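Observations on chain architecture
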Amino acid sequence: MKSSVYANLHLRHIFLGEPIPGLSEVPTVGPLTTLYMALHTDDPGAAGNQATNECNYTGYGRMPIPRDPSAWTVSGNTVSPINTIEFPEMTGGANQTAKYVTIGTAPTGGGMVLYRGVLDPNIPITLNFLPRVKNTSTITELTVPAV
């Protein structure tokens, strides 16, 4: 598990694009500028990818999110979007509840998970519902426990 100081620096690096002094400098050419948020019905796990346990209702798609301070608030091991993130409306499929979120590198498919966390509050998704991760929502990082 990370120290609390490093955990915060790590999240600031991933979400805000800030360097970690002495460890990781943001490249001047070609850094990721867009990340993709996915909703999940269950924890994708440490070995999972963005498609593991991902919501799969008709109409669903991952949401592109800028990788900069205009999109995120980082505090300790928790992040919150600055603006509400609206996912596409459910137009068919089985009801589901989004309990977890991943932030990754791919708009579709099994993209690499950079961050996975518990979504609070959960989002119950039903027909004709427009799922939203509100700016009052929190996403708390999940980590692999020490062995």
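In the block above lies the structure referred to throughout.
Cut-offs used in this document
- Residues numbered from 1 in each chain as written.
- Predicted model: local features only at pLDDT ≥ 70, side-chain atom pairs only at ≥ 80, totals over all residues.
- Heavy atoms only, no water.
- Helix = DSSP H or I, 4+ residues; strand = E, 2+ residues; numbered from the N terminus.
- Phe/Tyr/Trp six-rings, centres within 6.5 Å; stacked < 30°, edge-to-face > 60°.
- Buried < 20%, exposed > 50% of the residue type's maximum accessible area, 1.4 Å probe, protein only.
- Pairing = 2+ DSSP bridges.
- Salt bridge = Lys/Arg side-chain N within 4 Å of Asp/Glu carboxyl O.
- Axes fitted to C-alpha atoms, helices over the stretch in contact; angles between N-to-C directions.

**What about unusual backbone geometry?**
In this structure, Pro-121 follows Asp-120 across a cis peptide bond, with omega equal to 5°. Its location among the elements puts Pro-121 in strand E7 (residues 113-125). With a phi close to 65°, Asn-128 is a non-glycine residue in the positive phi region. Within the secondary structure, Asn-128 is located in the loop between E7 and strand E8 (132-133).

**Quick word on the packing of aromatic side chains**
All chains considered together, the criterion is met by four aromatic pairs. Measuring from ring centre to ring centre gives 5.4 Å for Tyr-57 and Tyr-60, while their planes differ by 75°; the resulting arrangement is edge-to-face. Relative to Phe-87, the ring of Tyr-60 lies with its centre 6.1 Å away and its plane at 5°, an arrangement referred to as stacked. Here Tyr-60, found in the loop between strand E1 (34-40) and strand E2 (63-66), pairs with Phe-87, found in the loop between strand E5 (85-86) and strand E6 (96-104); they are 27 residues apart in sequence, far enough to count as distant. The class for Phe-87 is buried, based on a relative accessible area of 1%.

**Some details on the pairing of E7**
For E6 and E7, the ladder comprises eight bridges, and the chain directions are antiparallel. Each residue of the ladder has a partner; that of Thr-97, found in E7, is Pro-124. Looking at chain direction, E7 and strand E9 (residues 138-141) are connected through four bridges and run antiparallel. Paired with Val-118 across the bridge in E9 is Thr-140.

**Some details on the pattern of salt bridges**
Counted according to the given criterion, the structure contains four salt bridges. Taking the shortest distance from any N to any O, the salt bridge between Arg-116 and Asp-43 comes out at 2.8 Å. With Arg-116 in strand E7 and Asp-43 in the loop between E1 and E2, this pair connects stretches of sequence that are 73 residues apart. In this structure, Arg-132 engages Glu-86 in a salt bridge whose closest nitrogen and oxygen atoms are separated by 2.9 Å. Here Glu-86 lies in strand E5 and Arg-132 lies in strand E8, a separation of 46 residues in the sequence. Look at Arg-132 and you get partly exposed, because its relative accessible area is 35%. Judged by relative accessible area, which is 39%, Glu-86 ranks as partly exposed.

**Observations concerning the sheet that holds E2**
Spatial ordering of the open sheet is given by E2-E1-E6-E7-E9-E4-E3, a layout of seven strands whose pairing is antiparallel. Looking at the sheet topology across the chains shown, the edges are occupied by E2 and strand E3 (72-75). Direction aside, neighbouring strands of the sheet carry axes that sit 30° apart on average.

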